[in-house]
Amino acid sequence: MTVKVALTIAGSDSGGGAGIQADLKTFQELGVFGTSALTAITAQNTQGVHGVYPVPVEGVVAQVRAVLDDFEVKACKTGMLFSTEIIMAIASLLEEYPPIPLVIDPVMIAKGGQSLLLQEAVQAMKENLIPIATIITPNIPEAEVLTGMKIVTDEDIQEAAQIIIELGARAVIMKGGHRNDVLEAKDYYADCEGQSFTMTTPWVQTKDTHGTGCTFAAALTGFIAKGYSLSDAVAEAKQFIQAAIEDSLRIGSGHGPTNHWAYNRLKKEMH
Ligand SMILES: Nc1ncnc2c1ncn2[C@@H]1O[C@H](COP(=O)(O)OP(=O)(O)OP(=O)(O)O)[C@@H](O)[C@H]1O
Ligand SMILES: Cc1ncc(CO)c(N)n1
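Rules and cut-offs
- Residues numbered from 1 in each chain as written.
- Chains lettered and ligands numbered in written order.
- Predicted model: local features only at pLDDT ≥ 70, side-chain atom pairs only at ≥ 80, totals over all residues.
- Heavy atoms only, no water.
- Patch = residues over 30% accessible without salt bridge, like charges linked within 9 Å, V, L, I, M, F, W, Y side chains within 5 Å.
- Areas by Shrake-Rupley, 256 points an atom, 1.4 Å probe, with all protein chains shown as cover.
- Salt bridge = Lys/Arg side-chain N within 4 Å of Asp/Glu carboxyl O.
- Helix = DSSP H or I, 4+ residues; strand = E, 2+ residues; numbered from the N terminus.
- Buried < 20%, exposed > 50% of the residue type's maximum accessible area, 1.4 Å probe, protein only.
- Contact = heavy atoms within 4.5 Å.
- Polar contact = N/O pair within 3.5 Å; in protein donor to acceptor, adjacent residues only side chain to side chain.
- Near = heavy atom within 4 Å.
- Nonpolar A, V, L, I, M, F, W, Y, C, P; charged D, E, K, R; others polar.

Caption draft 1: Geometry of a nonpolar patch on the surface. Judged by side-chain polarity, Met1, Val3, Phe33 and Phe71 come together as a nonpolar surface patch covering roughly 460 Å² of accessible area. With respect to the helices and strands, Phe71 occurs in the loop between helix H2 (57–70) and strand S4 (73–78).

Here is the structure:
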C-alpha cells in the first residue's frame, strides 16, 4: 500500500476540534498519513482558550526536521504559529528542503477572541511566509490585518485577494465564514495566473463552528497531497467542510467542533 504524507505545523487544541487535532483527523479521513510539528499547546475547549504555552523554537525546528529528513512530504500546512521567532525559523527551514506545496492558514485570533498570533508577528508572516505560500486561506478579519483594508463588499474581497497575491502567495482563498450574509457561505479563490472563482454553499445555522478554518485548510492540504490540482483541491475541501458543519456533533457547551467523519459518510451514502 502506498500512502501520501502530509505535515501540519500548528498548535494543539486540547478540545480536539481545531489545531493539530483537526488537521490529523482530516488527513486520516482523506487517507493521507498525517505528521505534525507542534508550535504551542493550548488549554482549550468549546468555551474558549484558557491558556497558551508556546513550544521553544528549537523544539519546533527539530520536529519539522525530523519529519522532512525521513518522509517524502507531499504537502505542508501551517496553522497557529504564535511568534515571530517560530515564523522565521519555519520559513528558513522550509527553504533548505526541496519545495513542498505549502498551505498557510494565517491563524490570528480564536473564535472567543483570544490571540493565537502575537501582533508583532504579522509582519514576519507577510515578509517571510506568504512569499513561499502555494495558497493562503485567510478569513475576513485576517485578510483585513494582512492588507490593512476594511473588507465589506465583494469588490473589497477581490481587491484584498490581489494585495495578498502581490505579497507573493501563488493563490489565495478568502473564506466567507465571518460575513453577515446568512444565506450563503461564499469563499473567493484567486491566483497569480489570473484565475478566480467563487464557491458558494448554503449557510448552516449553527453555533458549532469551532475549527472550521483549520479543518478546511487541512482538507485542502490533504487533497493537494493526493495530487489534486489547486482549484480541484479547494472545491473538494469546500465539500468536506460543508459536510462537517452540516452534520454537527453537539459536543461541549460552547462552540462545538465540526464533524470530521461527515464527508466520508455522505460519500458512502451516495454510492
Ligand atoms: N455557518 C456556516 N455554514 C456554512 N459554511 C460555513 C459556515 N461558517 C463557516 N463556513 C465555511 O467554513 C470555511 C471556514 O471559514 P471560516 O471563515 O469560518 O474560517 P475561520 O474563521 O478561519 O475558522 P476558525 O478560526 O474557527 O478555525 C469556509 O469555507 C466558510 O465558508
Ligand atoms: C490551536 C488552535 N489553532 C487554531 C485555532 C483557530 O480555530 C484554534 N482555536 N486553536
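That shown, we press on.
Caption draft 2: Geometry of helix H5 (residues 140–147). Burial analysis of H5 places 6 of its 8 residues in the buried class, the great majority of the element. Buried within H5 are the following residues: Ile140, Glu142, Ala143, Glu144, Leu146 and Thr147. In this fold, the buried residues of H5 make contact with helix H4 (122–129), strand S6 (135–136), helix H6 (154–166) and strand S7 (171–174). The opening residue of H5 is Asn139, an N-cap whose side-chain oxygen sits 2.9 Å from the backbone nitrogen of Glu142. Just beyond H5, the residue with positive phi is Gly148, at close to 75°.

Caption draft 3: Geometry of the site of ligand 1. Near ligand 1 lie 19 residues; those nearest to it are Lys111, Asn139, Lys175, His178 and Asp187. Between ligand 1 and the protein, one listed contact pairs an oxygen atom with a side-chain N or O atom of Thr212 at 2.9 Å. For ligand 1, whose free accessible area comes to 630 Å², the fraction covered by protein is 95%. Of all elements in the fold, only strand S8 (184–191), helix H7 (212–225) and helix H8 (230–246) reach the threshold of two or more residues within the shell around ligand 1. The biggest single contributor to the shell around ligand 1 is H8, with 4 residues. Per-class residue counts for the shell around ligand 1 are 7 nonpolar, 8 polar and 4 charged.

Caption draft 4: Up close: the site of ligand 2. With respect to spatial proximity, the complete set of residues near ligand 2 consists of Gly11, Ser12, Ala18, Gly19, Gln44, Met80, Val107, Ala110, Leu116, His210 and Cys214. One nitrogen or oxygen atom from the side chain of Gln44 is found 2.8 Å from a nitrogen atom belonging to ligand 2. Of the residues assigned to the shell around ligand 2, the class counts are 6 nonpolar, 5 polar and no charged.

Caption draft 5: Seen up close, the environment of Asp105. With respect to the element layout, Asp105 can be found in the loop between strand S5 (102–104) and H4. Sequence spacing of Asp105 and Ile173 is 68 residues, and the spatial spacing of their C-alpha atoms is 9.9 Å. Each residue touching Asp105, except ones within four places of it in the same chain, is listed here: Thr78, Gly79, Thr137, Glu142, Lys175, Gly213, Cys214 and Ala217. At 3.4 Å, the side chain of Asp105 and the side chain of Thr137 are in polar contact.

Note that every value here comes from positions in space, so none of it alone points to a role or purpose.
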